[in-house]
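# Residue-level structure breakdown
As a plain string of letters, each chain reads:
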Amino acid sequence: MSFGETPITIVGNLTGDPELKFTDGGAALAKFTIAVTPRTFDRASNAWKDGTTAFYRCAAWRTLAEHVADSLKKGSRVVASGRMRQHDWKTDEGENRSMLAVEVDDIGASVRFTTVTINAKRAAQSGPAGDDPWAATNGTSGNGADAEPPF
């Protein structure tokens, strides 16, 4: 992140399935919206009250975009970090328009209210899978689920 950018972390739910597109140059772009609704406990009524929902338009690029499209869907609760970007343009009628959007640098499923299973993908492997210390079984049989971590 460079000087003058506005970092942001958002915790909320996807309002729809991520939309995956490719630029003319072949770069993957995933667009999606995260809804964030603050919730507070009202002691007077002894109930939870929802505040005003904020909707954050987001974009992820390249490999992250493809992983977002493959992994997340409408309703997924996520934690996303990135930076706010302002986009300015002119309409066909010559009117100036502007909007804020989040360029996402990293995103993952929130495990606060659910569990997830990680399916690790590697961009490049340094050797055969047998060289992977995380795949070590420490003498046990099976998939190594009961193995000690390699540190």
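To keep things clear, this report deals only with the structure shown in the data block. (Residues numbered from 1 in each chain as written. Predicted model: local features only at pLDDT ≥ 70, side-chain atom pairs only at ≥ 80, totals over all residues. Heavy atoms only, no water.)

Considering all chains together, one arrives at seven salt bridges under this definition. The salt bridge partner of R39 is D50, with a shortest N-O separation of 2.7 Å. Taken together, the residues R39 in strand β4 (residues 39-42) and D50 in strand β5 (residues 47-50) connect sequence positions 11 residues apart. You'll find R39 and D50 in the same group, each marked exposed. Of the charged contacts in the structure, one is a salt bridge between R83 and D105, with a shortest N-O distance of 2.4 Å. Taken together, the positions of R83 in strand β7 (residues 77-90) and D105 in strand β8 (residues 96-109) put the pair 22 residues apart, joining distant regions of the chain. (Salt bridge = Lys/Arg side-chain N within 4 Å of Asp/Glu carboxyl O. Helix = DSSP H or I, 4+ residues; strand = E, 2+ residues; numbered from the N terminus. Buried < 20%, exposed > 50% of the residue type's maximum accessible area, 1.4 Å probe, protein only.)

All right, on to the side chain of E5 then. Summarising the element assignment, E5 is placed in the segment before β1 (6-14). A polar contact is formed between the side chain of E5 and the side chain of R85, at a distance of 2.9 Å. Every residue in contact with E5, bar those within four places of it in the chain, is listed here: R83 and R85. (Polar contact = N/O pair within 3.5 Å; in protein donor to acceptor, adjacent residues only side chain to side chain. Contact = heavy atoms within 4.5 Å.)

Moving on to the packing of aromatic side chains. Counted by the stated rule, this structure contains one aromatic pair. Ring centres 5.3 Å apart and planes at 70 degrees place the aromatic pair F41 and W48 in the edge-to-face group. F41 sits in the partly exposed class, given a relative accessible area of 37%. (Phe/Tyr/Trp six-rings, centres within 6.5 Å; stacked < 30°, edge-to-face > 60°.)

On to the pairing of strand β3 (residues 28-36), then. Consecutive side chains along a regular strand alternate between the two faces of the sheet. Most of β3 sits out of view: seven of its nine residues are buried. For β1 and β3, the ladder comprises two bridges, and the chain directions are antiparallel. The residue of β3 that forms the bridge with L14 is I34. As judged from the four bridges shared by strand β2 (residues 19-22) and β3, these two strands associate in the antiparallel manner. (Pairing = 2+ DSSP bridges.)

This paragraph deals with unusual backbone geometry. Trans peptide bonds make up most of the peptide bonds, and negative phi angles are found at most residues other than glycine. The backbone phi angle of N46 is positive, close to 55 degrees, even though this residue is not glycine. Within the secondary structure, N46 sits in the loop between β4 and β5. Positive phi values are uncommon outside glycine, yet R62 reaches one of about 60 degrees. Considering the arrangement of structural elements, one finds R62 in helix α1 (residues 62-71). Taking relative accessible area as the criterion, R62 reaches 54% and is therefore assigned exposed.

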